[in-house]
Amino acid sequence: MWEQDHGRRPWRLALLAIAAILALVTAAGCGSSSDDGDSAATGAQTTATTADAGGEKECSVEGKKIQFVAPLKSNPTMQVMAAGFEQRAKELGFDATVLMTDDAEPQRILALGQQAMTQGSDGMVIPPYDAALYPFIKQASAAGIPIITTHSSVPDSEDLGMKQDIHPDPAQYGAEAARAIGEQIGGRGTVAVTQGGFNPIENAAAEAFTAAMKEQYPDVKVLKSQVEGFEPAAAISKAVSVLQSDGSIVAAYSTTGGGPRTWAGAADQAGKRLVIIGMDYTRPNLDLVRSGKVYAVVAQPIYEEHADAVDALKAAICGEPVEAEVSAESPLVTTDNVDEYYDLLDRTGT
Amino acid sequence: MTPDGRTGAPAGAPSAGGSPPALELESITKRFGGVTALRDATVRVRRGEVHGLVGENGAGKSTLLKILDGQYPAGSYEGVVRIDGEAVALHAPQDARARGIAIVPQETSVIETLSVGENICFGEGGGPFADVRAMERHAAAFIDQLALRLDARTQVARLSSSQKQLVMIARALYRRPRVLILDEPTSALTAEETARLFALVRQLRDGGLTCIFVSHRLDEVSELCDRLSILRDGRVVDELARADFDVERIIGSMIGRRLTDLYPERTGDAADAGPAAAPAAPPALAVERLSIRHPERPGDFVVRDVSLAVAPGEVLGVGGLVGSGRSELLGAIYGRHPIASGRVLLGERELRISSPREALAAGIGLVTEDRKRDGLLFNLGLRENVTLAYLRSLGSVVLDRGREREIAQEAVRRFSIATRSIETPVGQLSGGNQQKVMLARALERGPRVLLLDEPTVGVDVGAKAEIYRLIRALADAGVAVVVVSSESAELLGLCDRFVVLRDGAVVDRFGLGEASETRLMTAAMAAKTSSEEER
Amino acid sequence: MEERRVRATPGGADDARARRLLYQTLRVPEVGILLALVVAVAVFALVNPSFVAWANIESNVRTIAFIGIVGVGQAMLIIAGEFDLSVGSVAALGAVVAAILMSDHGLPIPLAVIAAVALGLLIGLVNGLLTVKVGLPALIVTLGMLFAARGLAYVISGGTQVYPLPDGVRTLSDRVLGLPMAIWVFVVLALVADVAMRRSGFGRRLYAVGGNREAAQLAGIRADRVKLAAFMLTGALAALAGVLVMAQLGSGDPQIGMNWELAVIAAVVVGGISLRGGVGSIAGALLGVLFLQVVSSGLVVSGVEATLQPVAVGTVMIAALGIDQVRHRRFGG
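Residues numbered from 1 in each chain as written. Chains lettered and ligands numbered in written order. Predicted model: local features only at pLDDT ≥ 70, side-chain atom pairs only at ≥ 80, totals over all residues. Heavy atoms only, no water.

## Details of the overall build of chain A
Now for step 1: The helix and strand inventory of chain A stands at eleven helices and 14 strands.
Now for step 2: Per-residue burial for chain A yields a buried fraction of 53% across its 350 residues.
Now for step 3: Restricting to contacts in chain A with at least 6 residues of sequence separation, those with at least 24 account for 69%.
Now for step 4: Per element, the accessible surface of chain A, about 14900 Å² overall, is 51% carbon and sulfur. (Helix = DSSP H or I, 4+ residues; strand = E, 2+ residues; numbered from the N terminus. Buried < 20%, exposed > 50% of the residue type's maximum accessible area, 1.4 Å probe, protein only. Contact = heavy atoms within 4.5 Å. Areas by Shrake-Rupley, 256 points an atom, 1.4 Å probe, with all protein chains shown as cover.)

## Topic: the interface of chain C and chain A
Now for step 1: Facing 52 residues of chain C, the contacting portion of chain A comprises 45 residues.
Now for step 2: With both sides pooled, the region where chain C packs onto chain A buries about 4000 Å², and carbon together with sulfur makes up 65% of that total.
Now for step 3: Inspection of the region where chain C meets chain A yields two salt bridges.
Now for step 4: For C:Glu305, the salt bridge is made with A:Lys224, and the minimal N-O distance between the two is 3.2 Å. (Buried area = accessible area lost by both parts, 1.4 Å probe. Salt bridge = Lys/Arg side-chain N within 4 Å of Asp/Glu carboxyl O.)

## A word on helix H7 (residues 232-245) of chain A
All names here are of chain A.
Now for step 1: Helix length check: H7 (14 residues) gives 20 Å between terminal C-alpha atoms against 20 Å at 1.5 Å per residue, within 8%.
Now for step 2: When you tally the buried positions in H7, you get eleven out of 14 residues, the bulk of the element.
Now for step 3: The set of residues buried in H7 consists of Pro232, Ala233, Ala235, Ile236, Ser237, Ala239, Val240, Ser241, Val242, Leu243 and Gln244. (Expected span 1.5 Å × (residues − 1).)

## Notes on the nonpolar core
Now for step 1: Of all hydrophobic cores here, the largest spans 315 residues; its most connected members are A:Trp263, A:Tyr281, B:Ile120, B:Leu451 and C:Met246.
Now for step 2: Look past the residues within four positions of B:Leu451 in its chain and what remains in contact with it is B:Leu285, B:Leu330, B:Ile333, B:Tyr334, B:Ile364, B:Gly365, B:Leu366, B:Val367 and B:Val482.
Now for step 3: In this structure, B:Val45, B:Ile101, B:Ile181 and B:Ile212 belong to the second largest nonpolar core, which totals 26 residues. (Core = buried A, V, L, I, M, F, W, Y, C linked by side-chain atoms within 4.5 Å.)

## Describing the sheet that holds strand S16 (residues 364-367) of chain B
Residues and elements named next belong to chain B.
Now for step 1: Across the sheet, which stays open at both edges, the six strands sit in the order S16-S17-S18-S13-S19-S20 with mixed pairing between neighbours. Bordering the open sheet on either side are S16 and strand S20 (505-511), each of which pairs with just one other strand. With strand direction ignored, the average angle separating the axes of adjacent strands in the sheet is 15°.
Now for step 2: The sheet contact formed by strand S13 (residues 315-319) and strand S18 (residues 480-484) spans four bridges and is parallel. Along S18, the bridge assignment pairs Val315 with Val481.
Now for step 3: Contacting S13, S16, strand S17 (449-453), S18 and strand S19 (497-502), helix H9 (residues 326-333) crosses the sheet at an angle of about 150° to S17. (Pairing = 2+ DSSP bridges. Axes fitted to C-alpha atoms, helices over the stretch in contact; angles between N-to-C directions.)

## Re the side chain of A:Ser237
Now for step 1: Inspection of the secondary structure puts A:Ser237 in helix H7.
Now for step 2: Apart from residues no more than four positions distant in its own chain, A:Ser237 is found in contact with C:Ser59, C:Asn60, C:Thr63 and C:Gln293.

## So, the sheet that holds strand S15 (residues 349-350) of chain B
Residue and element names in this part refer to chain B.
Now for step 1: Here we have four strands laid out as an open sheet, ordered S12-S11-S14-S15, and antiparallel in their pairing. Both edges of this open sheet fall to strand S12 (301-310) and S15, since each of them pairs with a single strand only.
Now for step 2: The pairing of strand S11 (residues 285-293) with strand S14 (residues 341-346) spans five bridges and is classified as antiparallel. From the neighbouring strand, Ala286 faces S14, where its bridge partner is Leu345.
Now for step 3: Most of the contacts of H9 go to S11, to which it runs at about 115°, and overall it touches S11, S12 and S14.

As structure tokens, this is what we get:
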């Protein structure tokens, strides 16, 4: 009478099914986590100490303990950041440690930061991507540990006491993109702009793009921003609609990392040639640049930022003056310099 | 608490003679379309008395109560309502409250998530932002006054159904009503709680409160009421003072004389079976000492130790009040409820099933009582409803539409269902035709045993007669039929043998020869008369 | 056809017949959403004729192919009286798992696709068991699965796109007979599902269980199994849609299917599927999906301010439901 033990059967079945899912997922996940293993060797929890510190003037940071505290240790972008930090620290002779979490949960990062503080820290580099991290930054600064924040800017209203806030400037790369597109299209035609969402950084980039275009190529018409979102299929469809809305569109600028794929896909579907600029030098995006489907991507200087951050830490430790806010230059990646960025990705093992 | 307060007439209450009645419904007629629910009904309730209102299902009691409660607004009926001799127009329940009429409905209507205190004081002053603590304090004092065993701070969801009943009564009384109406208040109560409730009602009456008490249970009515109005077919057919209370007379008035040609003639053996309390032939269905656990009260049973048998060609009537375990009995035979003990035999073989699916396969059909709740699929048409139990035979993957249409058309013909087409949504059919659709579905697979729960509820007289004829024809074709019904006349007109349930147990069983409405009702209501016998 | 006859025959008796025809046409449940769709297309085409350009039509159809495949499952599930919020996340998980299996593990592409769809099936089974057999509310179970499946997709992809994929994946997004593969898959699935809901025993059981579970059970239908099957189908179709998006993009992106769950439920409800269960058709549901896509694309094409577009979509969605309600009350069906 199989119907009689209804009460227990569903649990058993559910457990079986969950077990099967876990099996499948771990089977799929194994490949990536073995990759994680490799990258973890170069990234997380790696201690890089060198004796090569002779070239410094009076101040030596030989053996000083500094940490990079950040989320998502298997994320390629984060790995590039960690690599910039590590390489520079190695060159300067720091005793540097990379502390990264598996996910983007700020609470785990706080725990790692506290751990670094208790084990002794002479300085930290932290990307303050979530406001939940602010209290920790303030606390560590108050305890006399020099902190450099990177990549995301901390609002001026927050007084956290860190030594330097170094981050890319959306206004700078927005204007840069406008110059490049204006030149490519010969100063006439219509340009579409899309954003992943309406947030302060993307808004600033889009506004700077529009303003720079108006100033330098007054004959170019820049359409108002549309939201492409982050779901890739819907983004492409949105971009196709934008293309249909105006037949004179000859170029597109996107302020988000999905942008190159979005606009390349839309141009494909609509059978159009567009001058496309989007964000971020991920491998798929570099492939799009190399194949000519996308003219350029903005390379946020995530590697350099973190190398510079280590320099700033050294200056702070040595008591030299440190500029409070630094905007890092974001160059464009085109077919001319795309190979450098493939190299960079190869070097950082991503 | 006073055991019986009849002697101590309260000081404030005037004697019955001089002053006008506390409440008077005069010559009330209420129609719903073509149906007349109340005809020229007059009820007078004296100040400080407990007035009983009795009658069969559909006699007009609930219509009367809804008029008093303002749910049927003044103007939607003929006649006058007077309170203390003054004619009043009750347009809405708020009017009734303002006039001091408080009603405790039969269904529990408490707010489960609030505390006892909040439930009692709910909506009584305090503005939009109620002070819960104050409410509970007031309520606690009030509960003490009534000597109820309730804690004002308990959340109502945690109470038993009888305690919820008490909360509703307390809430009604908190408004200091002049007339308290209790509609079937004891159906959820245990014997002890009933006794306590009655003591409370007597105490309140002695304090000058007028009370209307509606109940099916004649023993309770006889015990508590000072006077009685008896309704039948929308009329007040009798009014009795306590001295004249007599169960035979009350039941006689409730039943009255009825049309007999509504029912088809019995043919074959059953017609002259005489005083047979046992089936004439080997039974098609036999139930032996069957018990079913109560779904909420552990250790309690809704059906206890019931045995019965039906032979092919026979119609067995199961009498008893709503809640006596009749529906659960049918449900258990059909594999809907698990059986606690006892067994069901289909012919010679013991039936061991745990789902309706298996019951259907074994040759049992069931027509449930509530078409809306578990009978019909109102999202689909007549065709889909008729063939629902027969899908497997219409093709394992794709349904044979031609065959399905034939089946539906055949059902429309055979049961003379009045419908525009076989595609008509069942919601657009009349109650009688909906009932026929359910019958057609239950019969689609040619069952040997047919279980019918209130087969004519909400069905007009013409359709009733048709349904009765269908049932009789089925029996004549050799089907064993079990009919559950609250209408004693229906049972008598339709069935060959009878079993009466009360509190889940068989209290009487008899053949057609010994059957009478009085005997059916007496057994069901537990009124003590000479004819009652256990088993 | 009926419409043409209506206009072609003036005169008293014919007039009455014409009115009856119109009335009967209006009784067909899908007519409401079809009318809304025609009106929307007409308005957008008037504002900007390029709205009806082939590229735009194809792009719209291609987009609804993905959401539509999910919509087929979701519509069946809602008709059976349940719903699934985890579809978008399951699509992402399916895409990422298929991508990793074929790129990092070198699994043949068909096997990787089958494994991903099987994974969706299993997730549907878990959703179903917890909802139907254990008795937890579908809202909580599938909301939990929404987070869990998306999280898993991020974890196993390392939070980034699985890239590059083997070249063979292109065949999944190639054009067949002039249209992308995804559109064909969607069209075939939609046709099969619509016929199944109208003609098959399974379809009938879904309607019965969603209309009145108790009554269906008393008529011998194993309601739990029927619901379980609908949950599994929904999960499998969601994973399939995710794999098709992956093939089009050429990468396994864990962001695939973001916000699909609400878009799908809104669309099928606009298309006449009742959230109370038992009512609606696949054809109507997919017209609803198409309608919402047309509206959101049309707003872009006609140059409505980006910030106002969500406001307009929401308004149109509610209006479409309201109009259908009026039609339903006046003409039945």
